[in-house]
Amino acid sequence: MPSVLANPVLIRPVLRCAITALTLALPLAGAGAVLKPALVQAAGASDDEAERLARWKEIQKSIFGDKRIEASDSLIKVDAPVRALDASLVPITLTMPEKDQVAGVHLIIDDNPSPYAAHIAFGPGADPGEVKLRVRVNNYTNIHAVVETKDGRLFEATKFVKASGGCSAPMGMSDEEAMKGMGDMKMKFADSQPGQPVETTLMVRHPNFSGMQMNQVTRDYTPARYVNKLAITRGGQSVLTLDGDISIASNPVINFGLRPGGQGPIKVTASDNQNGHWEHSFTVPSATN
Amino acid sequence: MPVDTTRSRSQATRRGALFGGLCLCCLPTLGRSAEGFALNEVGPGIFIRRGSDTEASRENDDAIANIGFIVGERSVMVTESGGSAADGAWLRGEIRRRTDKPISHVVLTHVHPDHCFGAAAFAEDKPVYVGHHALRAALDARGNYYRTRLVEILGADRAGSVVYPTLEVKESTEIDLGGRTLRFTAHGAAHTNCDLSMRDSASGILFPADLLFVTRIPSLDGSLVGWLKEAEVLRAMDAVKAVPGHGPTLVDFAPAMDDLTRYLTTLRDETRRAIAADMPIEKAVRTVGQAERDRWVLFETYNGRNVTQAFKELEWE
C-alpha cells in the first residue's frame, strides 16, 4: 500500500535534490571534518520570498486543494533551530495551545525533495498540546505546520530553517548496520501529576532510508525504506496515527501527550513502505503524586 | 639516513594551545596552502605535519589532520595520507625530498576525509594500503558523499578520491619496515567504527590517530561508550609519547588522554542525565558539556553535534 503522503505531485525529482546536494553549505553529518565551501551558497538560500511563497502555494494546492488556510499564532506554532547542527536530525516542536480544537496537524518541509513530511491525526487518547519530531532538512527552507481543527478549518505557521544535505547524508557506516534491530521500539513516560497529560516518547529503530543515500561501489542509491505509518492506541482507543515519509530522521522518535484517564496498555503498530510490520505493547506507569 | 632535520615546533605548538583556546601556531599559515606547513621530526625517522585546527577550506586543502611518515631501514610508511589529493601530493613531495626509499605502506586510520583522501597521491608507489576491517564498508557508505563535498570546496583535481585498504586488519598485525616494526590494533566502535592505531617499536611512540584529539574538540561518529572503552585499551599499552590525530605533533600520552576522556565522560554523564530527566534533544545540545567550552578549539561547531550523536546512542540504553 502506498503511503498516503506519496502523492506524485509532491515528490520532486531526485535530480533536483542531487543538484542541491552539490551546493551544501553546512556541516556534513558525522564527518570528522566540517566541510564548508567558501563561496557557494545553498541553492535555497538565494531564493527570494516570492519564490518561496509560490512554492508553498503549489504544495498547499496539491495537499489541501483550494481549501483556505489561515495564518495563526494562537492555534499552531512551529519551533526549530534557525541553523541546524545536524541536517539529518533536526528537532521540530509543534505547539497547539487550543488543544481541544485540534483534530490533526500536517508538517511540510517546503524545499525537501518530498516535502510532505508527516501528517498526524489525533484520537481521543491524545493530548495534542505539543508534538515533537526529528526530521531531515535538505536545503534552506520554510517549514510549515498546518493544523486542522475539529470543525475542519486549517491554520498555518511557518519557520525558516538553515540546513542542508539532511536527506542525502549517509546515516551510518553501512546499510547493514543501519538496519540492525529494525522494528525495535522503546516508550518512555515522563513523571506526571494525576489528572495531567503524560508526556510520552516513542522511539522506533528503523533506518528510514531516504532513497538518496548512495553506495560507493555500486553507485546505486540505497532504495527508500521508511516508516510510512505509526498507529498508537490505548485500550482500543486511538491516541494518534502518523503518516510519515523520507523526511523523518532515521530511528524515528516522536514525543506526544497522553490524555489522562486512559486505561490499559499502549499498543503501537508500525509499518514501512516495503511491507515491514511491527507491533509492540507498553504499560503506562500510574501517575505519581 | 638521508633526512633533513626540521626544527621541532611541538613546544611552541603546545603553548599555542593554551592561549585562550586559540591555536597560535596555525595563524601564520591561515590563508595559505598546505605547502606552508613544516614537518616536525618527533622521533628518529618519524616526521609529522601538524594539521590546522580549522575547517576544510579552499585555502587549506583540507590539511587539517596530523599526517606524516616513518622511515625504516628498507622502506617508508605513511602514517596518514592527508585530507585531499593536494595534501597527499604535498606529503609525497616532502618524503621524496628526504629519502629515496620506497613508500611501502600508506595507513588509512579511519574513514574521515581529512585522513584518507590523500591516499590516491601515492598510487604510483603501489603501496600496501593498511586499514581496519570495517573501513571498506564505511567507505562504501560515505566515500561518495565525502568526495562530493570535497570537490565543491577544492575542485575535482585537488579533492582526491576513495582508496580502499589492501591489507585489512582484523584484530592486530605487525609490519616490519626494517629496524622497526609497527604493531597495529583494530579498535571497536569509538571515534568511528573503523579506527586503527599503531605503535612504533623503535621509538615506543603510539599513533592513536583520531582516538586521541588534542586542542581540537573531539568529534564523535562511532560510539561514545565504545570510545571510553578503547581509551582504556590504549592506556594499557603504557605509551609515554603519542602522535594525536589532531593537535600538537607529539604529546605526553597520559595527560592528553586524560583531557580527552574528561570531555567524553562529561558528554556521556550529562547526556545520560538529560535523557533521564526527559530533557528534549534540542535543549540537551545547548546545555550538555558547556563546562568544556573554553578547553577546545571549534567547540561551538562540534559540541552540539557530539551531543546529538551521544543522545541518539544513549537514549536506547
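Quantities reported herein were computed from a predicted structural model and do not represent experimental measurements. (Residues numbered from 1 in each chain as written. Chains lettered and ligands numbered in written order. Predicted model: local features only at pLDDT ≥ 70, side-chain atom pairs only at ≥ 80, totals over all residues.)

A.B. asks: Got a minute to help me understand the nonpolar core in this structure?
C.D. replies: When a protein is soluble and globular, its nonpolar side chains tend to lie buried together. Judged by nonpolar contacts, the single largest core of 155 residues is most densely connected at Val90(A) and Val105(A). At 10 residues, helix H4 (residues 135–154) of chain B tops the list of elements feeding residues into this core. Not counting residues up to four positions away in its chain, the partners in contact with Val105(A) are Leu94(A), Met96(A), Ile120(A), Val131(A), Ala145(A), Val146(A), Val147(A) and Glu148(A). (Core = buried A, V, L, I, M, F, W, Y, C linked by C-beta atoms within 7 Å. Buried ≥ 20, exposed ≤ 12 C-beta atoms within 10 Å, placed from the backbone. Helix = DSSP H or I, 4+ residues; strand = E, 2+ residues; numbered from the N terminus. Contact = placed C-beta atoms within 7 Å.)

A.B. asks: What am I meant to see in the sheet that holds strand E14 (residues 266–272) of chain A here?
C.D. replies: What holds strands together in a sheet is hydrogen bonding between their backbones, with the strands either parallel or antiparallel. Residues and elements named next belong to chain A. Across the sheet, nine strands lie side by side as E1-E8-E7-E4-E5-E12-E11-E14-E15; this open sheet has mixed pairing. On the outer flanks of this sheet lie strand E1 (69–71) and strand E15 (277–282), each paired with one strand and no other. Sheet twist, expressed as the average angle between the axes of neighbouring strands with direction ignored, equals 20°. Here strand E11 (residues 227–234) pairs with E14 via seven bridges, running antiparallel. Among the inter-strand pairings, leucine 230 is bridged to a residue of E14, identified as alanine 270. Contacts from helix H2 (residues 49–64) reach E1, strand E4 (102–109), strand E5 (116–122), strand E7 (141–149) and strand E8 (154–161) within the one sheet, and its direction differs from that of E7 by about 35°. (Pairing = 2+ DSSP bridges. Axes fitted to C-alpha atoms, helices over the stretch in contact; angles between N-to-C directions.)

A.B. asks: Explanation requested: the environment of Arg295(B) in the structure shown.
C.D. replies: All names here are of chain B. Position of arginine 295 relative to the elements: it lies in the loop between helix H8 (281–287) and helix H9 (299–314). Using a count of 14 C-beta atoms within 10 Å as the deciding quantity, one classes arginine 295 as partly exposed. Note: C-alpha distance between arginine 295 and isoleucine 217 (78 residues apart in sequence) is 8.3 Å.

A.B. asks: What am I meant to see in the confidence of the model for chain B here?
C.D. replies: Low pLDDT marks stretches whose predicted atomic positions should not be read closely. All names here are of chain B. The share of residues in chain B with pLDDT of 70 or more is 88%, and the mean pLDDT across the chain is 90. Taken as a whole, residues 1–36 scores under 50 in pLDDT and shows 62 contacts with residues more than four places along the chain or in a different chain. Per the prediction output, this complex has pTM 0.85; the corresponding ipTM is 0.81. (pLDDT = per-residue confidence, 0-100.)

A.B. asks: Hey, could you run me through helix H6 (residues 224–235) of chain B in this one?
C.D. replies: Each full turn of the α-helix corresponds to 3.6 residues, which orients residues three or four apart in the same direction. Counted at 1.5 Å a residue, the expected span for H6(B) with its 12 residues is 16 Å, and the 17 Å between its end C-alpha atoms agrees. Those residues of H6(B) that are buried lie in contact with strand E10 (196–200), strand E11 (206–213), helix H7 (253–276) and H9 of chain B. (Expected span 1.5 Å × (residues − 1).)

A.B. asks: Can you help me understand the sheet that holds strand E6 (residues 126–135) of chain A in this one?
C.D. replies: Residue and element names in this part refer to chain A. Across the sheet, which stays open at both edges, the six strands sit in the order E2-E3-E6-E13-E10-E9 with antiparallel pairing between neighbours. Only two strands of the sheet have a single partner each, and these edge strands are strand E2 (77–79) and strand E9 (185–189). Pairwise comparison of adjacent strand axes, ignoring direction, gives a mean angle of 15° for this sheet. Here four bridges tie E6 to strand E13 (residues 253–258), and the two strands are oriented antiparallel to one another. Residue pairing across strands places leucine 133 opposite isoleucine 254, the latter belonging to E13.

A.B. asks: What is the right way to read the packing of H7(B) against H9(B) from this model?
C.D. replies: For any two helices packed against each other, one specifies the crossing angle of their axes together with the interaxial distance. Residue and element names in this part refer to chain B. The interhelical angle for the contact between H7 and H9, taken along N-to-C directions, is 60°, at an axis separation of 10 Å. Taken as axis vectors, H7 and H9 run oblique relative to one another. Classified by chirality, the crossing of H9 by H7 is right-handed. Across the interface between the two elements, Leu267, Arg268, Thr271, Arg272 and Ile275 of H7 pack against Asn306, Val307, Ala310, Phe311 and Leu314 of H9. Tallied by class, the residues present in the contact of H7 with H9 amount to six nonpolar, two polar and two charged. (Parallel < 35°, antiparallel > 145°, perpendicular 65-115°, else oblique. Left-handed = near helix turned anticlockwise from the far one by under 90°. Nonpolar A, V, L, I, M, F, W, Y, C, P; charged D, E, K, R; others polar.)

A.B. asks: Is there a simple way to think about helix H2 (residues 85–98) of chain B in this case?
C.D. replies: Residues and elements named next belong to chain B. For H2, which comprises 14 residues, the first-to-last C-alpha distance of 20 Å matches the rise-based estimate of 20 Å (1.5 Å per residue) to within 8%. Three or more residues of H2 are buried, namely Ala85, Ala86, Asp87, Gly88, Trp90, Leu91, Arg92, Glu94, Ile95 and Arg98. Check the buried side of H2 and you find it contacts strand E1 (39–43), strand E3 (67–71), strand E4 (76–80), strand E5 (103–108), H4 and helix H5 (156–159).

A.B. asks: What should I look at first to understand the packing of H6(B) against H7(B) in this one?
C.D. replies: Residue and element names in this part refer to chain B. Between H6 and H7, the least distance of the axes is 10 Å, while the angle of their chain directions is 155°. Taken together, H6 and H7 sit at an angle that is classed as roughly antiparallel. Note on packing geometry: the crossing formed by H6 with H7 is left-handed. Together, Leu224, Val225, Trp227, Leu228, Ala231, Leu234 and Arg235 of H6 and Met257, Leu260, Thr261, Leu264, Thr265, Leu267 and Arg268 of H7 make up the contact between the two elements. Here the residues of the contact of H6 with H7 are counted per class, giving 10 nonpolar, two polar and two charged.

A.B. asks: Mind showing me how you'd approach the pairing of strand E2 (residues 46–49) of chain B here?
C.D. replies: Consecutive side chains along a regular strand alternate between the two faces of the sheet. Residue and element names in this part refer to chain B. The alternating pattern of E2 places Ile46 and Ile48 and Phe47 and Arg49 on opposite faces, both of which are buried. In this structure, E1 lies alongside E2, joined through four bridges in antiparallel fashion. If you follow asparagine 40 over to E2, its bridge partner there is isoleucine 48.

A.B. asks: Would you take a moment to explain the pairing of strand E12 (residues 237–244) of chain A for this structure?
C.D. replies: Residue and element names in this part refer to chain A. As judged from the five bridges shared by E5 and E12, these two strands associate in the antiparallel manner. When the sheet's bridge partners are listed, histidine 119 is paired in E12 with aspartate 243. In this sheet, E12 lies alongside E11 in antiparallel orientation, the contact comprising six bridges. Note on E12: the bridge partner recorded for leucine 230 is leucine 242. The antiparallel hairpin formed by E11 and E12 contains two residues in its connecting segment, where glycine 235 sits at a positive phi of about 55°.

A.B. asks: Looking at this model, I keep getting lost on unusual backbone geometry. Mind explaining?
C.D. replies: Trans peptide bonds make up the majority, and among non-glycine residues the majority have a negative phi. Residue and element names in this part refer to chain B. The residue alanine 209 is not glycine, and still its phi comes out positive at about 50°. Topologically, alanine 209 is positioned in strand E11. On the basis of neighbour count, alanine 209 is assigned to the buried category, with 29 C-beta atoms found within 10 Å. Look at leucine 298: it is not a glycine, yet its phi comes out positive at around 70°. Among the secondary structure elements, leucine 298 is positioned in the loop between H8 and H9. Take leucine 298: there are 18 C-beta atoms within 10 Å of it, and that puts it in the partly exposed class.

A.B. asks: Explain the confidence of the model for chain A here, please?
C.D. replies: Mean pLDDT over chain A: 83, with 80% of residues reaching 70 or higher. Across residues 12–45 of chain A, where pLDDT falls below 50, the model places 88 contacts with residues more than four positions away in sequence or in other chains.

A.B. asks: It is not clear to me how the environment of Asn112(A) should be interpreted in this structure. Could you clarify?
C.D. replies: All names here are of chain A. Structurally, asparagine 112 can be placed in the loop between E4 and E5. Among the residues examined, asparagine 112 registers 26 C-beta atoms within 10 Å and is labelled buried. When the C-alpha positions of asparagine 112 and asparagine 138 are compared, they lie 5.4 Å apart, and in sequence the two are 26 residues distant. Residue contacts for asparagine 112: discarding those within four places in its chain leaves Ala117, Val137, Asn138, Thr141, Cys167 and Ser247.

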